Amino acid sequence: MQVEIWTDIACPWCYVGRARFGRGLAAFAHRDQVEVVHRSYELNPQAENGNVPIIDAVAAQYGRTREQQVAREEQAASMAASVGLDFRVGGRVLGNTFDVHRLIHFAGTRGVQDRLLDLAFRANFAEERSIHDRQALLDVAVEAGLDADEARQVIDDPEAWAAQVRADERRAAELGAGGVPFFVLNRRYGVSGVQPVETFTRALEQAWSEWAAA
């Protein structure tokens, strides 16, 4: 059975939702027969790398005050802590994640995609290392197990794995995904947002029972 997960490394809810799904999957009796496929999604595809604090950028984007956005960050930090994740509030900057997504697709060909996802999320939210910085991203890639020269070639070639990222995003649009995280089970059932661990387990059980019957 296949589960596709659309995420963006810049999304705090994806950071938490991915961890919750992992726990839900661990509680699923047939977890060894589930293939998890990462899909790309950009929350701000037009964003440019710079020094604008993420709190100010997102507050402006959604018409919130800075205090309201700080409260949402603190809520995300609390949710992250509940699943054992570290989360620093306030230090990230707005940036473009297209290069990160391209590199994640490449990592799938080297068997370290999950590792790179984990480290990229951790770098962004727990360590406040800018994933938009070329050298920082390369450091994370090497830490995940990618060859430095190969990773550098991917990062420096704007078309490397770009088609795969764009295909993921087109598919998300076709499915009506208005945000992330977005989970699709067996290309039939959609689950969106940061759901409780038990919700993910129940969704897996339902999808499995119908898939097995078919």
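Residues numbered from 1 in each chain as written. Predicted model: local features only at pLDDT ≥ 70, side-chain atom pairs only at ≥ 80, totals over all residues. Heavy atoms only, no water.

(A) Structural view of the pattern of salt bridges. Applying the stated criterion across every chain, the model contains 18 salt bridges. A salt bridge links Glu-127 to Arg-122; the shortest N-O distance between them is 3.1 Å. Judged by relative accessible area, Arg-122 falls into the partly exposed class, the value being 33%. Asp-149 is the salt-bridge partner of Arg-152, the closest N and O atoms lying 2.8 Å from each other. Remark: Asp-149 and Arg-152 occur in helix α7 (residues 148-156); sequence separation between them is three residues, near one turn of the helix. Members of the salt-bridge network, linked through shared partners, are Glu-4, Arg-39, Asp-168 and Arg-187. (Salt bridge = Lys/Arg side-chain N within 4 Å of Asp/Glu carboxyl O. Buried < 20%, exposed > 50% of the residue type's maximum accessible area, 1.4 Å probe, protein only. Helix = DSSP H or I, 4+ residues; strand = E, 2+ residues; numbered from the N terminus.)

(B) Seen up close, the packing of aromatic side chains. On inspection of all chains with the given rule, the structure shows 12 aromatic pairs. Members of the aromatic cluster, connected to one another through ring pairs, are Tyr-15, Phe-87, Phe-121 and Phe-125. (Phe/Tyr/Trp six-rings, centres within 6.5 Å; stacked < 30°, edge-to-face > 60°.)

(C) Seen up close, the pairing of strand β2 (residues 35-40). Across six bridges, strand β1 (residues 2-7) lies against β2 in parallel orientation. Within β2, the position partnered with Val-3 by the bridge is Val-36. (Pairing = 2+ DSSP bridges.)

(D) Quick look at the nonpolar core. The biggest cluster of nonpolar side chains holds 44 residues, and the ones touching the most others in it are Ile-9, Leu-103, Leu-116 and Leu-146. When residues of this core are traced back to their parent elements, those giving at least two are α1 (12-26), α3 (66-82), α4 (98-108), α5 (113-125), α6 (134-144), α7 and β3 (182-185). Examining the composition of this core, we find that seven residues originate from one element, α5, more than from any other. Once residues within four sequence positions are removed from consideration, Ile-9 is found in contact with Val-100, His-101, Ile-104, Leu-117, Ala-120, Phe-121, Asn-124, Phe-125 and Ile-131. Grouped together as the second largest cluster of nonpolar side chains are 15 residues, Met-1, Val-3, Val-34 and Phe-183 included. (Core = buried A, V, L, I, M, F, W, Y, C linked by side-chain atoms within 4.5 Å. Contact = heavy atoms within 4.5 Å.)

(E) Region of interest: the environment of Gly-24. Relative to the helices and strands, Gly-24 resides in helix α1. A sequence separation of 186 residues divides Gly-24 from Glu-210, and the C-alpha atoms of the two residues are 18 Å apart. In this structure, Gly-24 is in contact with Val-197, Phe-200, Thr-201 and Leu-204, ignoring residues within four places of it in sequence.

(F) Helix α2 (residues 54-62), seen in detail. Among the residues of α2, Ile-54, Ile-55, Ala-57, Val-58 and Ala-59 are the ones counted as buried. Buried residues belonging to α2 abut α3. Positive phi appears at Gly-63, one or two residues downstream of α2, with a value of about 70°.

(G) How the structure looks around the pairing of β1. Burial analysis of β1 places six of its six residues in the buried class, the great majority of the element. A two-sided burial pattern is seen for β1, the buried positions comprising Gln-2, Glu-4 and Trp-6 on one face and Val-3, Ile-5 and Thr-7 on the other. Taken together, β1, α1 and β2 form a β-α-β motif whose crossover is right-handed. Where β1 meets β3, four bridges bridge the pair, whose relative direction is antiparallel. In the strand pairing of β3, Glu-4 is matched with Val-184. (Right-handed = clockwise from strand over helix to strand, strands pointing away.)

(H) Quick look at the environment of His-132. Among the structural elements, His-132 can be located in the loop between α5 and α6. Classification of His-132 by relative accessible area gives buried; the value is 15%. Separated by 104 residues in sequence, His-132 and Phe-28 have C-alpha atoms that sit 36 Å apart.

(I) Molecular detail of the packing of α1 against α5. It is at 11 Å that the axes of α1 and α5 come closest, and there the two elements cross at 135°. Looking at the two axes, α1 sits oblique to α5. In the packing of α1 onto α5, the handedness of the crossing is left-handed. Between α1 and α5, the residues in contact are Pro-12, Cys-14, Tyr-15 and Arg-18 and Asp-114, Leu-117, Asp-118, Phe-121, Arg-122 and Phe-125, respectively. Taken together, the residues of the contact of α1 with α5 sort by class into six nonpolar, no polar and four charged. (Axes fitted to C-alpha atoms, helices over the stretch in contact; angles between N-to-C directions. Parallel < 35°, antiparallel > 145°, perpendicular 65-115°, else oblique. Left-handed = near helix turned anticlockwise from the far one by under 90°. Nonpolar A, V, L, I, M, F, W, Y, C, P; charged D, E, K, R; others polar.)

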